[in-house]
Amino acid sequence: MKQLVILVLLLALASWLRINSFWLSHTGDDEVVHVALAMKLDEYGIKGYNLYQVDYEHFSLDGKNSLTELMIAPEGEEGAYLRTIKQGEKANYTHKPLHHVPPGFPFLLMLSQKTIGGDRGYFLSSDRPSKFSSGKRPAQVGVAQLYAAMLPFTFSLMLVLLTFLLGKRLFGPTAGLIAAAIMAINPVSIFVSQKIWAGEASLVFVLLSVLFIINGYGRRSLWHGLAAGAAAGVAVLIKQTAGIFLPALLLFYMYDRRGHLSTISGWRQFLLNPFMLALSAAFLLLTAWWYVLVFQNYGTLFYQPFVDFPASDPFYKLRESRPAPFILFSAGLLYLSPLFVFAAGLFRKPIRERLEAEQRRFLPLLFFWVATWFVLMAFVFLRKEHRHMIEAYPALAVAAGYVLAKLHHWLKSLSVNWRWLGADEMLVILLLLATRWTTALIMDVVLQGQVMILKPF
């Protein structure tokens, strides 16, 4: 019961830190594209999955608060939205007959609009950030874009919950609760949850896949393999970068079976593992149709458009002025989320030796999960936004949660005769300080509608 109460309190805290999303403006480029694609799916299905025939109109219901409505343009017209973005020199891919972004997240937006939104239309707030900063929360704005803001908000809370379940499954309830707390107050998660972006929705399904893997891998469970592959497939259909988890899983599998790969029979068992075969089959069955469409339209299975930003573009100038990605995703990550530093404690032999056999078995999965994302984002794709590393945060949170749980246990035995300050109080104080650090860092970024987190550089 105590665990449940603490978990509910953590989810309440996470909700409070993310609640502003329902009234903030959501007319950023990627946000509008997601909603426009949802509208096109609604009207034409996958055959119309592009940015043609998208019109928009700005209006106000009360003369104070601004809304933008996306609408279908008349047949034969390319639409006001496509005309607007094609005027810029950077939009060299928006005219394609198939949009390169997988349709999973727009599909969820479409379902949300038809249910939560009452099928009333595709609206977004276009108020200036400064208006919201004054404390106004107009009801009509919240209702109009509830269908859109609800998705990232809900998936962000689900991410906290699943981080708890992963930590509990691997290292026990205390580690799970600490890991959930770290994710609840994570500034990048708070930032991403208040944009109509697909990142955390995709990550929820990655975490589901990981949970199925941990529960079924050792037993070679066919059904757990199918479920893990299906969850990974949904994650990729929501956001393609979720596929980075698959190389991480393969590295873990090769590492786990490394002692058996010196013989032909060992390789046969490696290649014919029923769990891994089921996982691969479910993933391919779920995603193959999309990659066939991409190949038919682009001539390649993995299409990522090159955006040639003009040197004068403000976003390009801002992004390129940032430090190298490996600095951003190491020093920058620890600046934003100092509690992640405790994850490094798992490299200490005395801490690792306390792990049970199954826990030690899956420890490399956490390592490859983080390392694969870091290497690809920092040295291959050269991303320069904190949000591009968020897919590795649950693994870091779980690792840090385990180390903090061990410290908590040690302090409990040490402070048994202390009068006022015990291990529980010290842990709560640490988490409160981390929460204060988070809110000081991120709330102004969110309320001002900034496009990226520019801290610490």
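**Considering the pattern of salt bridges**
Right, on to step 1. With the rule as written, the count across this model stands at ten salt bridges.
Right, on to step 2. Of the charged contacts, one joins Glu 320 and Arg 319 as a salt bridge, the two residues approaching to 3.3 Å between their closest N and O atoms.
Right, on to step 3. Among the charged side chains, a network of salt bridges with common partners joins Asp 30, Glu 385 and Arg 387.

**Notes on the packing of aromatic side chains**
Right, on to step 1. Evaluation of the coordinates by the stated rule reveals 27 aromatic pairs.
Right, on to step 2. Ring centres of Tyr 49 and Trp 290 lie 6.0 Å apart, and the angle between their planes is 85°; this geometry places the pair in the edge-to-face category. Note that Tyr 49 is positioned in the loop between helix H2 (29-44) and strand E1 (54-60) and Trp 290 in helix H14 (residues 274-298), a separation of 241 residues in sequence. Like Trp 290, Tyr 49 is buried.
Right, on to step 3. For the pair Tyr 217 and Phe 275, a centre-to-centre distance of 5.9 Å together with 90° between the ring planes defines the contact as edge-to-face. In this pair, Tyr 217 sits in the loop between helix H10 (199-216) and helix H11 (222-238) while Phe 275 sits in helix H14, placing the two residues 58 residues apart along the sequence. The same class applies to Tyr 217 and to Phe 275, which are both buried.
Right, on to step 4. Each residue in the set Tyr 217, Phe 252, Tyr 253, Trp 267, Phe 270, Phe 275 and Phe 362 is aromatic and connected to the rest through ring pairs, giving one cluster.
Right, on to step 5. One residue, Arg 387, lies across the ring of Trp 197, its end atom 4.2 Å from the ring centre.

**Thoughts on a nonpolar patch on the surface**
Right, on to step 1. A cluster of nonpolar side chains, contributed by Leu 407, Trp 410, Leu 414, Trp 418, Trp 420, Leu 421, Ile 429 and Leu 433, occupies part of the molecular surface with about 890 Å² of accessible area.
Right, on to step 2. Put simply, the parts of the chain that give the nonpolar patch at least two residues each are helix H20 (393-414) and helix H21 (423-447).
Right, on to step 3. For the nonpolar patch, the element with the most residues is H20, which contributes three residues.
Right, on to step 4. As for its position among the elements, Leu 433 is in helix H21.
Right, on to step 5. Overall, the relative accessible area of 56% leaves Leu 433 in the exposed class.

**As for the sheet that holds strand E2 (residues 66-72)**
Right, on to step 1. With respect to topology, three strands assemble into an open sheet ordered E1-E2-E3, the strand pairing being antiparallel. The sheet is open, and its two borders are formed by E1 and strand E3 (122-125), each paired with just one other strand. The average undirected angle you get between the axes of adjacent strands in this sheet is 25°.
Right, on to step 2. Relative to E3, E2 runs antiparallel, the two sharing four bridges. Counted as the bridge partner of Leu 67 is Ser 125 from E3.

Parameters at a glance
- Residues numbered from 1 in each chain as written.
- Predicted model: local features only at pLDDT ≥ 70, side-chain atom pairs only at ≥ 80, totals over all residues.
- Heavy atoms only, no water.
- Salt bridge = Lys/Arg side-chain N within 4 Å of Asp/Glu carboxyl O.
- Phe/Tyr/Trp six-rings, centres within 6.5 Å; stacked < 30°, edge-to-face > 60°.
- Helix = DSSP H or I, 4+ residues; strand = E, 2+ residues; numbered from the N terminus.
- Buried < 20%, exposed > 50% of the residue type's maximum accessible area, 1.4 Å probe, protein only.
- Lys NZ or Arg CZ within 6 Å of the ring centre and 35° of its normal.
- Patch = residues over 30% accessible without salt bridge, like charges linked within 9 Å, V, L, I, M, F, W, Y side chains within 5 Å.
- Areas by Shrake-Rupley, 256 points an atom, 1.4 Å probe, with all protein chains shown as cover.
- Pairing = 2+ DSSP bridges.
- Axes fitted to C-alpha atoms, helices over the stretch in contact; angles between N-to-C directions.

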